[in-house]
Amino acid sequence: MALTERDLPLQKLCMTWQHTCSVGAGLYNLGNTCFVNSVLQCVTHTAPLANYMLSRQHSQSCAQQGFCMMCTMQRHVQEVLSCSGGAIRPMSVISQLPRIGQHFQLGTQEDAHGFFCCTVDAMQRDCLSRGSDWDTGSQASTVIDQVFGGLLRSRVTCLNCEAVSDTYEAFHDIPLAIVATSSVPRALEVFVTPELLDGYRCGQCEQLGLAAKEFTIHHSPNILTLCLKRFDPFSGRKINLVVKFPEDLQLGAYMSQAPEEPLVYSLYAVLVHQGSSCHRGHYYCFVKAGDGRWYKMDDASVVPCDTEMVLCQQAYLLFYAR
């Protein structure tokens, strides 16, 4: 009997390209669809997910009636990676935009990070059997969580009696504030820096007072997706700060417990927004293909580039592989 996404053991996930793949095809812009195209290229060039899609394992076990995002992405990945050097119309995805996210409409510019989240969530839903509880345990058993999933720990420490309260939250990407930072490592430092809570009611000493709250990465994902928060939440105006990001990222300092061995991630995709606000502009991306080379993917245009060009971009989304 074939394995399903819920049965796939973690050790079966291959993090390196199982086939020697050049860069995939470009994607024609079908009317303000650059936000879709840029996300699809980053996801398509995510090696462990592409390996799984190319194996056709999903379609062999899928019993979904009607629209299935996993089936849609499987067809898309296969078509893109088999048409290197050309360009295709990504109609299999574009035609299903309202099913991926209810607010998406063809011809309307949307946020690329929002589309990424909706795409991953839609794939996750189709990996889970109908009627399953969306608990941490069941989510961790899907191929999507094995690729993108991690676990955050939120720890609140009462400063009166030092009692500790921990809660955990599954994630597929980590949003990072960039207003007071100049680099991704610094933004991660800020992310895990404790903040002071006033008026905290401690369950241990039952006193109302001060507490410290901190987030740490409790379980690190195989694919680490970072969203640099480049848009003002009220006005939507673009935050045009230079935020440096490394080609290799050490994650150990941001974990709940220090790892026994160095926890190193390598950059393989960068999504860029060009424009003045989240309501207008253009999205494109850079991906490191299966041949080990970097390419700029701007809708139908696919051109090789060097690492230096990639690292000087004003990144919006960063994709790192463990």
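As a reminder, the structure under discussion sits directly above these lines.
Now for a description of the structure that goes with this document. A quick note: this is a predicted structure, and the numbers were derived from the prediction, not measured.

**Observations concerning the nonpolar core**
If you look at the biggest cluster of nonpolar residues, it comprises 61 residues, and the most contacted ones within it are M70, F115, M123, I144 and L271. If you tally residues by element for this core, the top one is helix α7 (residues 112–127), at eight residues. Once residues within four sequence positions are removed from consideration, M123 is found in contact with L49, M53, M69, M70, M73 and I144. Residues A187, F191, L226 and L251 belong to the second largest nonpolar core, which totals 34 residues.

**What about the packing of aromatic side chains?**
A complete count under the given rule lists 10 aromatic pairs for this structure. On the basis of an interplanar angle of 90° and a centroid distance of 5.7 Å, the ring pair of F35 and F115 is categorised as edge-to-face. With F35 in helix α1 (residues 34–44) and F115 in helix α7, this residue pair connects regions lying 80 residues apart in the sequence. Of the residues examined, F35 reaches a relative accessible area of 1% and is grouped as buried. Among the residues examined, F115 registers a relative accessible area of 0% and is labelled buried. The rings of F116, F148, Y268 and F319 are connected pair by pair, giving a single aromatic cluster. Above the plane of the ring of Y284 lies K296, whose end atom (NZ or CZ) is 4.7 Å from the centre.

**Quick look at helix α10 (residues 184–192)**
Among all positions of α10, only V184, A187, L188, F191 and V192 are buried. Seen end-on, α10 carries its buried residues on one side only, within an arc spanning 130°. Its buried side turned inward, α10 meets β3 (150–158), β5 (174–176), β7 (208–219), β8 (223–228), β9 (248–250) and β14 (315–321). The N-terminus of α10 is capped by S183, whose side-chain oxygen sits 3.2 Å from the backbone nitrogen of R186.

**Some thoughts on the packing of helix α4 (residues 69–81) against α7**
Two elements in contact, α4 and α7, have axes whose closest approach is 7 Å; the angle formed by their N-to-C orientations is 115°. Where α4 abuts α7, its residues M69, M70 and M73 lie against T119, A122, M123, D126 and C127. Looking at the contact of α4 with α7 residue by residue, the classes come out as six nonpolar, one polar and one charged.

**A short note on the environment of D198**
Its location among the elements puts D198 in strand β6 (residues 195–201). Sequence-wise, D198 and A212 are 14 residues apart; in three dimensions their C-alpha atoms are separated by 8.9 Å. Discounting residues that sit within four places of it in the chain, D198 has contacts with G209 and L210.

**Observations regarding the sheet that holds β7**
The pairing of strands in a sheet comes from backbone hydrogen bonds and takes either a parallel or an antiparallel form. Reading across from one edge, β4-β3-β7-β6 is the order of the four strands in this open sheet, with antiparallel pairing throughout. Unpaired on one side and paired on the other, β4 (164–171) and β6 mark the two borders of the sheet. Across this sheet, the average inter-strand angle for adjacent strands is 30°, counted without regard to direction.

**Side note on α1**
In terms of burial, α1 is a largely internal element, 11 of the 11 residues being buried. Among the residues making up α1, those that are buried are C34, F35, V36, N37, S38, V39, L40, Q41, C42, V43 and T44.

**Comments concerning the pairing of strand β11 (residues 280–288)**
Strand direction decides the pairing type here: strand β10 (residues 264–277) and β11, joined by seven bridges, are antiparallel. The residue bridging L271 from the neighbouring strand is C285, located in β11. Adjacent in sequence and paired antiparallel, β10 and β11 are bridged by two residues. With four bridges connecting them, β11 and strand β12 (residues 294–298) associate as antiparallel partners.

**A closer look at the pattern of salt bridges**
A side chain with one charge can pair with a side chain of the opposite charge if their charged atoms come near. By the definition in use, this model includes two salt bridges. D166 is the partner of R155 in a salt bridge, and the nearest nitrogen-oxygen pair spans 2.8 Å. Of the two residues, R155 is situated in strand β3 and D166 in strand β4; the sequence distance between them amounts to 11 residues. Take R155: its relative accessible area is 23%, and that puts it in the partly exposed class. Between E189 and R186 there is a salt bridge, with the nearest N and O atoms lying 3.0 Å from each other. You can see E189 and its partner R186 sitting in helix α10, three residues apart, about one turn around the helix.

Cut-offs used in this document
Residues numbered from 1 in each chain as written. Predicted model: local features only at pLDDT ≥ 70, side-chain atom pairs only at ≥ 80, totals over all residues. Heavy atoms only, no water. Core = buried A, V, L, I, M, F, W, Y, C linked by side-chain atoms within 4.5 Å. Buried < 20%, exposed > 50% of the residue type's maximum accessible area, 1.4 Å probe, protein only. Helix = DSSP H or I, 4+ residues; strand = E, 2+ residues; numbered from the N terminus. Contact = heavy atoms within 4.5 Å. Phe/Tyr/Trp six-rings, centres within 6.5 Å; stacked < 30°, edge-to-face > 60°. Lys NZ or Arg CZ within 6 Å of the ring centre and 35° of its normal. Arc of directions from axis to C-beta. Polar contact = N/O pair within 3.5 Å; in protein donor to acceptor, adjacent residues only side chain to side chain. Axes fitted to C-alpha atoms, helices over the stretch in contact; angles between N-to-C directions. Nonpolar A, V, L, I, M, F, W, Y, C, P; charged D, E, K, R; others polar. Pairing = 2+ DSSP bridges. Salt bridge = Lys/Arg side-chain N within 4 Å of Asp/Glu carboxyl O.

By themselves, these observations are geometric and do not establish any function.
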